[in-house]
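Secondary and tertiary structure notes
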Amino acid sequence: MAGKAGEAKAPLKYLAGFGNEFQSEALPNSLPEGQNTPQKCPYGLYAEQLSGSSFTSPRSKNVRTWFYRIRPAVLHEPFSHAEAGNFTSNWSAHPANPNQLRWAPFPLPSKDHRVDFIEGLSSLCGAGDPCTRNGIGIYMYCCNTNMESMCFYNSDGDFLIVPQQGMLTITTEFGVMEVGPGEICVIQHGMRFSVAVDGASRGYVLEVYDGHFQLPDLGPIGANGLANPRDFLTPTAAFNSEIISGGFVVISKFQGQLFSAKQVGRESGRHHRCDFICSARFMHVENSVEMSLDLHMSNLLKN
């Protein structure tokens, strides 16, 4: 659980592995025993499943997460269209250019112009169509302020975030993780997250519309090398008791467009951050998770 302002920051804890079955709980005995959806969950929580594949996929390809939330994820007003700025997935709107292209680093926002992670996303290139779940998108983010009272989720595909400058603190429905230059993180589709920064930050985002990121096969290089599954980290369960006044907004990317909806709180104008992100679950059993990797742990050829 997040501490109060002025308290020392506790080190973040992670679970190691790629494609594993994990379980974690932020309060003791909050995990139901022997079943996923009891009629009454411990602590009065709400059981919800997040599917990372079709419900009837074979066991080897079936990925899912069971959350035990303080508030149901569906408690929000209807979504409405939101301004996307330079963030688009409509690749056919511009003529193709066969020439070699290059670009200078995108300028960072000035100190008197506050830009959060979502506002700072700009499309660079891509192919395919998120509506048919086929293709990719490549984006640049430039931001200098936290995502206050909001979170984001992508219904179109998985995000791979590559920081180039600045440390990102990413709060998700699974927990909290820190990702900086020399590291990457993957946030799979449908997972809500919020990004905080420690100053002006810039980096890249790769989005894949079809399936999930997988580790490459080793083949002729032998049994060891490339990225080791043990080096991928998933945050442990956490929750946040912070009260948010004035409403909390969920932004969704759906079929290449942005939509926003206001969460419905327990009291008018008063919302718990934990109702909506990371902290909305106390425990998970999953192989559909977000994860980070320190690229210094990878080795191109080793046996």
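Residues numbered from 1 in each chain as written. Predicted model: local features only at pLDDT ≥ 70, side-chain atom pairs only at ≥ 80, totals over all residues. Heavy atoms only, no water.

Regarding the overall build of the chain
The secondary structure content of the chain amounts to zero helices and 21 strands. For the chain, with 303 residues in total, the buried portion stands at 45%. Taking the contacts inside the chain whose residues are at least 6 apart along the sequence as the reference set, 76% of them involve residues at least 24 apart. For the chain, the accessible area works out to roughly 16,100 Å², and carbon and sulfur atoms hold 53% of it. (Helix = DSSP H or I, 4+ residues; strand = E, 2+ residues; numbered from the N terminus. Buried < 20%, exposed > 50% of the residue type's maximum accessible area, 1.4 Å probe, protein only. Contact = heavy atoms within 4.5 Å. Areas by Shrake-Rupley, 256 points an atom, 1.4 Å probe, with all protein chains shown as cover.)

Concerning the nonpolar core
Ranked by internal contacts, the top residues of the largest apolar core, which has 31 residues, are Phe117, Ile161 and Ile170. Of all the secondary structure elements, the ones that give two or more residues to this core are β7 (134-143), β8 (150-154), β9 (158-165), β10 (168-172), β11 (176-179), β12 (183-187) and β13 (193-197). Judged by nonpolar contacts, the second largest core, of six residues, contains Leu160, Val186, Met291 and Leu293. (Core = buried A, V, L, I, M, F, W, Y, C linked by side-chain atoms within 4.5 Å.)

Focus on the pattern of salt bridges
Tallying each qualifying case throughout the model produces five salt bridges. Its salt-bridge partner being glutamate 21, residue arginine 64 comes within 3.4 Å of it at the nearest N-O pair. Placement of arginine 64 in strand β4 (residues 64-69) and of glutamate 21 in the loop between β1 (14-16) and β2 (22-25) is noted, with a sequence separation of 43 residues between them. Two residues, arginine 69 and glutamate 173, come together in a salt bridge whose shortest N-O distance is 2.4 Å. (Salt bridge = Lys/Arg side-chain N within 4 Å of Asp/Glu carboxyl O.)

Overview of the environment of serine 30
Mapped onto the fold, serine 30 is located in the loop between β2 and β3 (46-51). We classify serine 30 as buried; its relative accessible area is 0%. The spacing of serine 30 and leucine 45 is 15 residues in sequence and 8.5 Å in space, taken between C-alpha atoms. For serine 30, the side chain forms a polar contact with the main-chain oxygen of leucine 27, separated by 2.8 Å. (Polar contact = N/O pair within 3.5 Å; in protein donor to acceptor, adjacent residues only side chain to side chain.)

Some details on the packing of aromatic side chains
Considering all chains together, one arrives at 11 aromatic pairs under this definition. When the ring of phenylalanine 67 is compared with that of phenylalanine 174, the centres are 5.1 Å apart and the planes differ by 65°; the resulting orientation is edge-to-face. Placement of phenylalanine 67 in strand β4 and of phenylalanine 174 in the loop between β10 and β11 is noted, with a sequence separation of 107 residues between them. Pairing phenylalanine 79 with tyrosine 153 gives two aromatic rings, centres 6.4 Å apart and planes at 75°, and the pair type is edge-to-face. With a gap of 74 residues between them, phenylalanine 79 in the loop between β4 and β5 (80-81) and tyrosine 153 in strand β8 connect regions that are remote in the sequence. The structure contains a cluster of three or more aromatic residues connected by ring pairs, namely Phe87, Trp91, Phe117, Tyr139, Tyr141, Phe152, Phe159 and Phe193. (Phe/Tyr/Trp six-rings, centres within 6.5 Å; stacked < 30°, edge-to-face > 60°.)

Quick look at the sheet that holds strand β21 (residues 291-294)
Across the sheet, eight strands lie side by side as β1-β15-β21-β12-β9-β14-β7-β6; this open sheet has antiparallel pairing. For this open sheet the edge positions go to β1 and β6 (121-129), each flanked by a neighbour on one side alone. Taking each pair of neighbouring strands and ignoring which way they run, the sheet shows an average axis angle of 20°. (Pairing = 2+ DSSP bridges. Axes fitted to C-alpha atoms, helices over the stretch in contact; angles between N-to-C directions.)

A closer look at the environment of asparagine 240
Along the chain, asparagine 240 falls in the loop between β15 (232-235) and β16 (243-245). Classification of asparagine 240 as buried rests on a relative accessible area of 15%. Sequence separation between asparagine 240 and glycine 175 is 65 residues, and the spatial gap between their C-alpha atoms is 9.7 Å.

Observations concerning the pairing of β11
Here β11 shows one buried face, formed by Met177 and Val179, and one open face, formed by Val176 and Glu178. Relative to β11, β10 is paired through four bridges, and the arrangement is antiparallel. When the sheet's bridge partners are listed, threonine 171 is paired in β11 with valine 176. Taking the residues between adjacent antiparallel strands as the criterion, β10 and β11 are bridged by three residues, where glycine 175 takes a positive phi near 155°.

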